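Residue strings, one per chain:
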Amino acid sequence: MKCTFLGTGTSMGVPVAGGFGKDMIDGDPRNQRTRCSVWLQTEDSSIVIDVGPEFRIQTIRSGVDRIDLVLITHEHMDHIAGLDDLRSYNYMQKGPVPLLTTKQVIESIKTRFDYMFGENKYPGSTSLDMNVIDKPKTFRDVEITPLPYNHGYIDVTGYRVNDFSYMTDVKEIPESTKEKVRGSKVLVLSGLRWGPSHPTHLTIPEAVEVAEELKIPKTYLIHMNTYVNHEESNRRLPPHVRLAYDQLEITIG
Ligand SMILES: [Zn+2]
Ligand SMILES: [Zn+2]
C-alpha cells in the first residue's frame, strides 16, 4: 500500500491566512503545510482520509485521479471543508462518492452542506453516498477498522487500513483503541507543537510517548503548527518517529 500525505498542517495551515509564519518557512518547503489529509492506494482501491480546505490543490499536485472511498475523522472544518470539491469526481466516476464516517459526523455534514442533500438538493451539487462505519469492514482489498478517541471536547474516529493506522486531532486514546492499533507497521499521529500542553491536541513529546507505548516500527507526525521547524524537529526526535510533510510518499508492507 502506498500513502501520500496530501497535507500535514494544523487547523489554520502553515503559514496562516494573512501571512503570519511565512518567514518561518525558512526556504524549506517542508515547513509549509496545508490541512491534513492522506491518500492511500492499493491495487484495487484509492482511499482518501479527510477532505480539507486545500483539497482541490492537493489532488492536482499529487495526482489523485480516482477516489473509491472517503473516510472522515471528524466534523471540524479543516477536515471537511473540501467536500464540495468532490463534485469533479462525481463527473469523472459517473456516480456519488462513497463516504464512511460516524453517525454524528454524517449529521454534521448534512447540516453544514445542506444544499447537497434531501429534497432541496441543489442541481449539480456534490453527490455523496454516506454510510456509518462502527465496526471493522472489508472494502475491496483492504480491511478498515475505526479507531475512536478523544479530541478534548469532541470524539474523533481514526482509521486502521490494513497495517497503516491514522489518528489525527488526538488528545486521549482509550485502551480499547490502542489494542486495535497495536501491530500496525506505520502509525500517523498528530503532534501540534513541542509545548506547552494543549487542551485538545497531543504535543509532539506526548505523541512520541504514544508511539513508544504502542511499539509501532515507524510513526509519522502530522497537524503541526507554524512554530514547528522540520529539520530541527527531526533532529530532536527518536529515529523511528519522523515529521511528515506535504507530498511525502511512503510504502507500507
Ligand atoms: Zn484538525
Ligand atoms: Zn479537530
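Residues numbered from 1 in each chain as written. Chains lettered and ligands numbered in written order. Predicted model: local features only at pLDDT ≥ 70, side-chain atom pairs only at ≥ 80, totals over all residues. Heavy atoms only, no water.

## Things to note about the nonpolar core
Move 1: Phe5, Leu71, Ile144 and Phe164 are the most contacted members of the largest nonpolar core, which totals 27 residues.
Move 2: Not counting residues up to four positions away in its chain, the partners in contact with Phe5 are Ser37, Val38, Val188, Tyr220, Ile222, Ala244, Tyr245, Asp246, Gln247, Leu248 and Ile250.
Move 3: Counting 24 residues, the second largest nonpolar core, distinct from the first, contains Val181, Leu189, Ala211 and Leu214. (Core = buried A, V, L, I, M, F, W, Y, C linked by side-chain atoms within 4.5 Å. Buried < 20%, exposed > 50% of the residue type's maximum accessible area, 1.4 Å probe, protein only. Contact = heavy atoms within 4.5 Å.)

## Regarding the sheet that holds strand β9 (residues 155–161)
Move 1: Ordered by their spatial adjacency, 7 strands build an open sheet running β7-β8-β9-β10-β11-β12-β13, and the pairing between neighbours is mixed. Bordering the open sheet on either side are β7 (137–139) and β13 (241–243), each of which pairs with just one other strand. Geometrically, the sheet is characterised by an average inter-axis angle of 25 degrees between neighbouring strands, direction not taken into account.
Move 2: Where β9 lies against strand β10 (residues 164–167), 3 bridges are found, and the strand directions are antiparallel. (Pairing = 2+ DSSP bridges. Helix = DSSP H or I, 4+ residues; strand = E, 2+ residues; numbered from the N terminus. Axes fitted to C-alpha atoms, helices over the stretch in contact; angles between N-to-C directions.)

## Details of the coordination of the zinc ion (ligand 2)
Move 1: Only His74 (NE2), His76 (ND1), His151 (NE2) and Asp169 (OD) from the protein coordinate the zinc ion (ligand 2), and they sit 2.2 to 2.3 Å from it.
Move 2: Relative to the metal, the 4 donor atoms surrounding the zinc ion (ligand 2) lie at angles of 90 to 171 degrees, and the coordination shape comes out irregular.
Move 3: Site description for the zinc ion (ligand 2): donor spacing in sequence, H-x1-H-x74-H-x17-D.
Move 4: Taken as a pair, the zinc ion (ligand 2) and the zinc ion (ligand 1) lie 3.5 Å from each other and share Asp169 as a ligand. In this pair, His76 sits in the loop between β4 (69–71) and α2 (77–80) while Asp169 sits in the loop between β10 and α5 (175–181), placing the two residues 93 residues apart along the sequence.
Move 5: The exposure class of His76 is partly exposed, given its relative accessible area of 32%.
Move 6: For Asp169, a relative accessible area of 2% gives the class buried. (Donors = N, O, S within 2.8 Å, 3.2 Å for Na, K, Ca; no water. Tetrahedral: all angles 85-135°; square planar, octahedral: opposite > 155°, others 65-115°.)

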